[in-house]
Amino acid sequence: MRRILLIVPILLLALSACSPPSVSIPTGGTQTPGSSGGSGSGACVDIKPSPNYLINLSEQDAVAAINNARKQEHLPALRLPAHFYDLSSVQQQFSLINLERTDRGLHALKLDPTLSQMALAYSKQMLDLNFFSHTSPIGGSFEERFNDNPVIHGHFKVAAENLAGDPVAGIGPMYNYMYNDASEACGHRHNILSADLTAVGIGVVSGSQYGSLSAQEFLGSAPWDPYKGGTPDVTPPTITIQVSKNTQQGTANCRAFAQDDRQVVRITWFVDSVGNNAQVGASLTLKLSSLSPGKHVLFAYAVDVDQNYGVAQAEIIV
């Protein structure tokens, strides 16, 4: 049985003394034992960005900072593809991942559509639901999210995840993952440089107090049943809810009806706000005595195999 370990992130979100545009937040990834970087991972380094790209939010300064850090590791300057600065943030991250790997003698990764859709949907969850963690309040843990997807489940021997918030969405996370990650025991760096990985998916969304949120989802194909990928599900589920009160029992009986073009894997209920009184399942029996008098809002979130979500809500008056 594959067992996935969580590299616990530091709580950089708690650095309230820093103004949002000047903070870059990587968080460590999940990874299976025996895949903590392989022969190409190198030493754990902690190099402050020079020049500091966070001062003027310059992509060119971020690349210069990477090159300065690479020089200290006796690596040549990045050989960027043509029109690199015209690429999307996803393509910039993907290019840098493979440059960092191949310059250390590792094979390049493939950019996988299914993993990329999962990464994009998860980044959107973090933005919309205002959390920053490897565990989603509506999608579950990293292990649950990977195993809930039938295209992925049973087809990987290694899986990993990197998360970041950064105002320079394409290049900034890569600097911090690779060269400013000692506080995370270089978990991000080890993920990127794992010799066991074969594919990556990248998703970036604009917004949040950090300018952008992004996820990198890594996978190493299982030799006993190789990962083949597939066409990702890009359509969010639809969901409706019905609520009926049982005054004799003092309960509200709630049921969700969700549909998706692929498969709904999780329905999660909350009262008044995400995270409050969370319960998972298609039905919910809510004790009205547990609620304060007045109006309350019941939320039901439906999540599909690729972590797209839909939400419905209803009012309950106590």
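Everything numeric here is computed off the predicted structure, so don't read it as measured data.

Undergrad: Explain the state of the cysteines to me, please; I cannot follow it from the model alone.
TA: Such a bond, covalent and formed between the sulfur atoms of two cysteines, is termed a disulfide. This model, assessed by the stated rule, comprises 1 disulfide. Put simply, Cys 44 and Cys 186 are joined by a disulfide, and their sulfur atoms are 2.1 Å apart. Classification of the bridge connecting Cys 44 and Cys 186 rests on its S-S torsion, roughly 85°, and on that basis the disulfide is right-handed. In this pair, Cys 44 is assigned in the loop between strand 3 (30-31) and helix 1 (53-56) and Cys 186 in the loop between helix 6 (172-179) and helix 7 (187-192), connecting sequence segments 142 residues apart. Cys 186 sits in the buried class, given a relative accessible area of 0%.

Undergrad: What is the right way to read the nonpolar core from this model?
TA: Across soluble globular proteins, you tend to see nonpolar side chains buried next to one another. If you look at the biggest cluster of nonpolar residues, it comprises 35 residues, and the most contacted ones within it are Leu 96, Ile 97, Ile 171, Tyr 175, Ile 192 and Phe 218. Ignoring sequence-local partners within four residues, the contact set of Ile 171 consists of Glu 59, Ala 62, Val 63, Ile 66, Phe 84, Tyr 85, Gln 92 and Leu 96.

Undergrad: What should I look at first to understand the sheet that holds strand 11 (residues 279-280) in this one?
TA: Consider a sheet: its strands pair through backbone hydrogen bonds, and that pairing is either parallel or antiparallel. The antiparallel open sheet is built from 4 strands, whose spatial order is 11-10-13-14. What marks the edges here is a single partner per strand, and that holds for strand 11 and strand 14 (309-317). Bridge count for strand 10 (residues 264-271) against strand 11 is 2 bridges, and the pairing is antiparallel. The residue bridging Trp 269 from the neighbouring strand is Gln 279, located in strand 11. Lying on the sheet, helix 4 (residues 113-129) is in contact with strand 13 (295-304) and strand 14; it crosses strand 14 at an angle near 30°.

Undergrad: Even after reading the chapter, I still don't get helix 4, so can you show me in this structure?
TA: Because an α-helix completes one turn every 3.6 residues, residues spaced three or four positions apart along the sequence face the same direction. End to end, helix 4 covers 24 Å across 17 residues, agreeing with the expected 24 Å (1.5 Å per residue, within 8%). Extensive coverage of helix 4 is indicated by the burial of 12 of its 17 residues. What helix 4 keeps buried is the set Thr 114, Leu 115, Ser 116, Gln 117, Met 118, Ala 119, Ala 121, Tyr 122, Ser 123, Gln 125, Met 126 and Leu 129. N-cap assignment for helix 4: the residue whose side-chain oxygen lies 3.1 Å from the backbone N of Thr 114 is Asp 112. Downstream of helix 4 by one or two residues, Asn 130 has phi in the positive range, about 60°.

Undergrad: Whenever I open this one, unusual backbone geometry confuses me. Can you help?
TA: As a rule of thumb, non-glycine residues mostly have phi less than zero, and peptide bonds are mostly trans rather than cis. A cis amide bond links Ser 50 with the next residue in sequence, Pro 51, at an omega value of 0°. Note on placement: Pro 51 falls in the loop between strand 3 and helix 1. Phi at Ser 208 is positive, roughly 75°, even though this residue is not glycine. Here Ser 208 lies in the loop between strand 6 (199-206) and strand 7 (212-221).

Undergrad: Would you mind going over the environment of Gly 229 with me for this structure?
TA: When you line up the elements, Gly 229 lands in the loop between strand 7 and strand 8 (238-246). What makes Gly 229 partly exposed here is its relative accessible area of 21%. For the pair Gly 229 and Val 151, spaced 78 residues apart in sequence, the C-alpha to C-alpha distance is 6.2 Å. When neighbours within four sequence positions are excluded, Gly 229 is seen to be in contact with Asp 112, Thr 114 and Val 151.

Undergrad: Looking at this model, I keep getting lost on the environment of Asn 162. Mind explaining?
TA: Along the chain, Asn 162 falls in strand 5 (residues 156-165). The class for Asn 162 is buried, based on a relative accessible area of 0%. Side chain to side chain, Asn 162 and Asn 191 meet in a polar contact 2.9 Å long.

Undergrad: Would you take a moment to explain the confidence of the model for the protein for this structure?
TA: Residue-level pLDDT values for the protein average 87, and 87% of them are 70 or greater. The low-confidence segment residues 1-40, where pLDDT is below 50, has 110 contacts with residues more than four positions distant or belonging to other chains.

Undergrad: Help me out: how do you make sense of the side chain of Ser 214 in this one?
TA: Residue position: Ser 214 is located in strand 7. The buried category is assigned to Ser 214, whose relative accessible area is 1%. For Ser 214, the residues in contact, after removing those within four places along its chain, are Gln 93, Ser 123, Met 126, Asn 162, Leu 163, Ala 164, Pro 173, Tyr 177, Gly 203 and Val 204.

Undergrad: Help me understand the pairing of strand 12 (residues 283-287), please; the structure alone is not making it clear to me.
TA: Regular strands show a simple pattern: their side chains alternate between the two faces of the sheet. Going residue by residue along strand 12, you find Leu 284 and Leu 286 tucked away on one face and Ser 283, Thr 285 and Lys 287 left uncovered on the opposite face. When strand 9 (residues 251-259) meets strand 12, the two strands line up antiparallel, connected through 5 bridges. Bridging across to strand 12, Thr 251 finds its partner in Lys 287.

Undergrad: Where do I start with the pattern of salt bridges in this structure?
TA: It is possible for side chains of opposite charge to pair when their charged atoms get near one another. Counting across every chain of the model gives 11 salt bridges. In this structure, Glu 144 engages Arg 266 in a salt bridge whose closest nitrogen and oxygen atoms are separated by 3.3 Å. Taken as a pair, Glu 144 in helix 5 (residues 142-147) and Arg 266 in strand 10 lie far apart in primary sequence, 122 residues in all. The class for Arg 266 is buried, based on a relative accessible area of 17%. One salt bridge in this structure joins Lys 295 and Glu 315, with 3.8 Å as the shortest N-O distance. Here the residue Lys 295 occupies a position in strand 13, and Glu 315 occupies one in strand 14, the gap between them amounting to 20 residues. A single network of salt bridges, built from pairs that share partners, joins Arg 70, Glu 73, Arg 79, Glu 100, Asp 103, Arg 104 and Arg 189.

Rules and cut-offs
Residues numbered from 1 in each chain as written. Predicted model: local features only at pLDDT ≥ 70, side-chain atom pairs only at ≥ 80, totals over all residues. Heavy atoms only, no water. Disulfide = S-S within 2.5 Å. Helix = DSSP H or I, 4+ residues; strand = E, 2+ residues; numbered from the N terminus. Buried < 20%, exposed > 50% of the residue type's maximum accessible area, 1.4 Å probe, protein only. Core = buried A, V, L, I, M, F, W, Y, C linked by side-chain atoms within 4.5 Å. Contact = heavy atoms within 4.5 Å. Pairing = 2+ DSSP bridges. Axes fitted to C-alpha atoms, helices over the stretch in contact; angles between N-to-C directions. Expected span 1.5 Å × (residues − 1). Polar contact = N/O pair within 3.5 Å; in protein donor to acceptor, adjacent residues only side chain to side chain. pLDDT = per-residue confidence, 0-100. Salt bridge = Lys/Arg side-chain N within 4 Å of Asp/Glu carboxyl O.

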